[in-house]
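# Understanding the architecture of this molecule
Now for the letters of each chain:
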Amino acid sequence: MLASSAFDDLDAEAASMSADLSSWDFLQDLDFGVDLAADGTAQAQAVETQLTSTERVREQNRKAQQRARQKKKERSANIEAQLAETTSQLQHLRLRQRQLEARNNLLELAAANKESELPALAPQRGLQAEAKEVVFHILGKAGLVRTQHGTAFVLTVHGCDEEIKMDDIGRMACTDFAELYTVFVRRKAKCLLDLESSTSSSNIPALTQLHQWSVEATATFVCFVMGKPLGTLQSLNMENATLSQEPSPDDALDALLATISYSGSQQQDMLHLRRLFYGKLGQLSRARAAMMAQMPAADRHDAVLPFNLDIKSSANKFTETKEWADQLCANRAEESRAYLYCGVCLLRGITSSVQQAKAMVHQYPRVPNTKALLEVLAKLHKEPPAEILVQNPDLDDLQLAANWETVVVYVQSLDANGVHGYAPFCQVATMAGVSNV
């Protein structure tokens, strides 16, 4: 009985377990496990996708910032280039304005001459005074001390401040000027020795002193030349104060050119200045010839005298003669002005103070002949001779006169650095649009 009951219990339990097994959907439980694995993989992929998306956004931001910086840099460079171009155009327009004004004045003068009307030209002293004031204005910016309302300046070459009037230098005897010139040469020679023996790259005290004495020497030369006939300074022997018309031999000029040691750009500037200078001299020479051709026979130096001695006629003749004389004097003063501007352009713009000092010391007891030096340089570069440049059939006189204004603008634009160092000249001519000469 007991055994049957136990078997009945086991059968009931087995039937219950069989019913449970028959009701278990094992595929559903298997899908649930698969779903859990799939959810884990999806989450991992989502995290990875999120990280990749963040990095992508960062990379895009970095590239966008880089593009923005590049655009900003390009925009800044474009603005700077436009500013430089605008500044260059402004300077070019100002220089062209000066040229056009000069050309307009010459056209008015030509029209007046064509109508046989004598133009009222500036007197000789006015042109010379204007040129001298420009020179002294430049020298003042470079360190020259002017006193007595600009009629005198201070010399320090004797070791102390010495005030000297400009007119007194112009009236100075050749012996006194030769003595002063010799002092300048000795002082500059001492500075050059100090510069050569100095261990540093630049001896500041010696160089500063050399600059000062170079400015004072230039001022002295200008005053002396303006008060003496043309060529006096070049023919003066500074050792014994005698005048000599013998030119310097070519080998001496070749040695001087080697001593100064001009750079390639300096030589090109000198050659360009030479073309403009001789073009200006040719223009003035033709103007004088035209004046002489229009003068009545009685007014020329080769006329047969006496002419009509009627009082009224004679008074008219004297008036006409004075007008012609004023024109010729103005023409001569303009030529002196051209020499002065050419000298300042060469000695105080293209040539440095150190090179000028070497020229003075090497060429003593004569003054360096810059005009002859230009000819030697032109010969080396196979440039046209002076006679061809004076005639210059390629350009009319109006254009030559307008080109010369470039020299005037260049001299007036010199500052202390340009006076003591090297200030390129061809750049000014290029900006001004100077025609080839």
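Look up: the structure comes first, before these words.
These remarks concern the structure in this document. None of these values were measured; they are calculated from a predicted model.

We now examine the overall build of the protein. A tally of helices and strands in the protein yields 16 helices and five strands. Burial status across the protein gives 36% buried among its 437 residues.

Within the largest apolar cluster, 75 residues are counted, with the highest numbers of intra-cluster contacts made by Phe153, Phe177, Trp404, Val407 and Val411. Those residues within four positions of Phe177 in sequence are excluded, and the remaining contacts are Met172, Thr220, Phe221, Phe224, Leu233, Leu236 and Met238.

Read from one edge to the other, the open sheet built from three strands follows the order β1-β2-β3, with strand pairing classed as antiparallel. Whereas interior strands pair on both sides, the edge strands pair on one side only; in this sheet they are β1 (146-147) and β3 (162-165). Sheet analysis places β1 next to strand β2 (residues 152-155), joined by two bridges and oriented antiparallel. Note that in β2 the partner of Thr147 across the bridge is Ala152.

On to the pattern of salt bridges, then. Any two side chains of opposite charge can pair, on the condition that their charged atoms come close. Under the definition given, this model contains ten salt bridges. For Arg62, the salt bridge is made with Glu59, and the minimal N-O distance between the two is 2.6 Å. One end of the pair, Arg62, and the other, Glu59, are both in helix α2 (residues 26-114), three residues apart, so they sit about a helical turn from each other. Relative accessible area serves as the criterion here: at 41%, Arg62 is assigned to the partly exposed category. A salt bridge links Glu383 to Arg275; its shortest N-O distance comes to 3.0 Å. Highlighted residues: Glu383 in the loop between α12 (370-380) and α13 (386-391) and Arg275 in helix α9 (residues 264-294), separated in sequence by 108 residues. Judged by relative accessible area, Arg275 falls into the buried class, the value being 16%. In the salt-bridge network here, residues are joined through shared partners; they are Glu59, Arg62 and Lys63.

This part takes up helix α8 (residues 250-260). Those residues of α8 lying buried are Leu253, Leu256, Leu257 and Ile260. Each buried residue of α8 sits inside an arc of 100° when the element is viewed along its axis, so together they form one side. In this structure, α8 carries Asp251 and Ala258 as exposed residues pointing more than 90 degrees from its buried face. Just beyond α8, the residue with positive phi is Ser261, at close to 60°.

Moving on, we come to the pairing of β3. Pairing between β2 and β3: four bridges, direction antiparallel. Among the inter-strand pairings, Val154 is bridged to a residue of β3, identified as Glu163.

Backbone geometry follows two general trends: most residues other than glycine have a negative phi, and most peptide bonds adopt the trans configuration. Across the junction of Tyr364 and Pro365, the peptide omega takes the value 15°, indicating a cis bond. In this fold, Pro365 is placed in the loop between α11 (353-363) and α12. The residue Ala241 is not glycine, and still its phi comes out positive at about 60°. Summarising the element assignment, Ala241 is placed in the loop between β4 (236-237) and β5 (242-243). One non-glycine residue, Lys382, adopts positive backbone phi at about 55°. As for its position among the elements, Lys382 is in the loop between α12 and α13.

A full pass over the atoms with the stated rule returns ten aromatic pairs. The interplanar angle of 40° and the centroid separation of 6.5 Å between the aromatic rings of Phe177 and Tyr181 together place this pair among those described as tilted. Residue Phe177 and its partner Tyr181 are located together in helix α5 (residues 174-197), separated by four residues, close to a single helical turn. Tyr181 matches Phe177 in its accessibility class, with the two residues each being buried.

To continue, consider the packing of helix α6 (residues 204-226) against α11. Two elements in contact, α6 and α11, have axes separated by 9 Å at closest approach and are oriented at 65°. In this view, α6 runs roughly perpendicular relative to α11, as classed from their interaxial angle. In this structure, α6 crosses over α11, and the sense of that crossing is left-handed. Between α6, through Leu207, Leu210, His211, Ser214, Thr218 and Phe221, and α11, the contact on the second element is made entirely by Ser353, Val354, Gln356, Ala357 and Met360.

By the alternation rule, side chains of β2 split into Ala152 and Val154 and Phe153 and Leu155, which are all buried. Where β1 folds back on β2, the antiparallel hairpin that results is connected by four residues, among which Gln148 adopts a positive phi of roughly 50°.

Before going further, it helps to examine the environment of Leu233. By the secondary structure assignment, Leu233 is in helix α7 (residues 232-235). A residue is classified by how much of its surface remains accessible, and Leu233, at 10% relative accessible area, is buried. In the structure, Leu233 is positioned 133 residues away from Arg366 in sequence and 8.7 Å away in space, judged by C-alpha atoms.

What counts and how
- Residues numbered from 1 in each chain as written.
- Predicted model: local features only at pLDDT ≥ 70, side-chain atom pairs only at ≥ 80, totals over all residues.
- Heavy atoms only, no water.
- Helix = DSSP H or I, 4+ residues; strand = E, 2+ residues; numbered from the N terminus.
- Buried < 20%, exposed > 50% of the residue type's maximum accessible area, 1.4 Å probe, protein only.
- Core = buried A, V, L, I, M, F, W, Y, C linked by side-chain atoms within 4.5 Å.
- Contact = heavy atoms within 4.5 Å.
- Pairing = 2+ DSSP bridges.
- Salt bridge = Lys/Arg side-chain N within 4 Å of Asp/Glu carboxyl O.
- Arc of directions from axis to C-beta.
- Phe/Tyr/Trp six-rings, centres within 6.5 Å; stacked < 30°, edge-to-face > 60°.
- Axes fitted to C-alpha atoms, helices over the stretch in contact; angles between N-to-C directions.
- Parallel < 35°, antiparallel > 145°, perpendicular 65-115°, else oblique.
- Left-handed = near helix turned anticlockwise from the far one by under 90°.

By themselves, these figures tell us nothing about what the structure is for.
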